[in-house]
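Structural characterization, general
Residues per chain, in single letters:
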Amino acid sequence: MDHKVWMYLAYLVTSVGLTIWVATTLSRNGLVFLEDVFADSRLAKAVNHLLVMGFYLLNLGYVAVAMRSGARIPDAARALETLSYKIGFVLLVLGVLHVLNVFFLGRYRRGRLRQQQTMPPLPPAGRLPMVPPGPGPLGPFGGAGAAPGGPAPTGPNPGAPAHGGAAHGPVPPPARA
């Protein structure tokens, strides 16, 4: 037989074997992932079977279309080179199909989990009152009043800072009557 015929036979056997091996491995191990994605084991099994059938159809269809070679195959070395090139493309197609499946199923899973997140029970009812800074029971900046048992603040602005200044300059002295 011609080297090209042997190459075609080796290509078919290797490609079909790889396709079956990868499909059964992904089907068996991917079922756990699909059950998490869909949160329903019956639906996960059905989608798993559909994905396996689509995988077989796409990959074996590609193997059949890519089998033909226009290259001249004068010896066994050239046949092996062409065979490795063709099998390499089959493996790339298998890898791309797998990555696309995982990517789109992962996006579906994230969307489903986002929808299941609980919303807060009630929106905030209002705001807490603002306490002006100044000496108080919580320290020099913790409240407006004096510490318990201490002297009461005096002057026109009891909540003003202790250093005598305000945010916009010094506080003017109180007017005398």
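Okay, so let's go over this structure. (Residues numbered from 1 in each chain as written. Predicted model: local features only at pLDDT ≥ 70, side-chain atom pairs only at ≥ 80, totals over all residues. Heavy atoms only, no water.)

Moving on, we get to the overall build of the protein. Across its full length, the protein carries three helices and two strands. Each helix and strand of the protein, ordered N terminal to C terminal, gives the series α-α-α-β-β. Expressed as a percentage of its 177 residues, the buried residues of the protein come to 20%. For the protein, the exposed area adds up to about 13,200 Å²; of that, 68% sits on carbon and sulfur atoms. (Helix = DSSP H or I, 4+ residues; strand = E, 2+ residues; numbered from the N terminus. Buried < 20%, exposed > 50% of the residue type's maximum accessible area, 1.4 Å probe, protein only. Areas by Shrake-Rupley, 256 points an atom, 1.4 Å probe, with all protein chains shown as cover.)

Residue placement: Thr-19 occurs in helix α1 (residues 3-38). Assessed through its relative accessible area of 0%, Thr-19 is described here as buried. Within polar-contact distance, the side chain of Thr-19 engages the side chain of Asn-59 at 2.4 Å. (Polar contact = N/O pair within 3.5 Å; in protein donor to acceptor, adjacent residues only side chain to side chain.)

Next up on the list: the packing of helix α2 (residues 41-66) against helix α3 (residues 76-116). Where α2 contacts α3, the two axes come as close as 10 Å, and the packing angle between them is 155°. The orientation of α2 relative to α3 falls into the category roughly antiparallel. The interaxial crossing formed by α2 with α3 has right-handed handedness. Within the contact between the two elements, α2 uses Leu-51, Phe-55, Leu-58, Asn-59, Tyr-62, Val-63 and Ala-66 and α3 uses Lys-86, Phe-89, Val-90, Val-93, Leu-94, Leu-97, Asn-101 and Leu-105. (Axes fitted to C-alpha atoms, helices over the stretch in contact; angles between N-to-C directions. Parallel < 35°, antiparallel > 145°, perpendicular 65-115°, else oblique. Left-handed = near helix turned anticlockwise from the far one by under 90°. Contact = heavy atoms within 4.5 Å.)

Glancing now at the environment of Asp-40. Tracing the chain through its elements places Asp-40 in the loop between α1 and α2. Among the polar contacts made by the side chain of Asp-40, one reaches the main-chain amide nitrogen of Arg-42 at a distance of 3.3 Å.

Looking now at the packing of aromatic side chains. Enumeration over the complete set of coordinates arrives at three aromatic pairs. An angle of 45° between the planes, with centres 5.2 Å apart, marks the rings of Phe-38 and Tyr-108 as tilted. Taken together, the positions of Phe-38 in helix α1 and Tyr-108 in helix α3 put the pair 70 residues apart, joining distant regions of the chain. Residue Phe-38 is classed as buried on the basis of its relative accessible area of 16%. The class of Tyr-108 is partly exposed, set by a relative accessible area of 44%. Above the face of the Tyr-11 ring, Lys-86 is positioned so that its terminal group lies 5.8 Å from the ring centre. (Phe/Tyr/Trp six-rings, centres within 6.5 Å; stacked < 30°, edge-to-face > 60°. Lys NZ or Arg CZ within 6 Å of the ring centre and 35° of its normal.)

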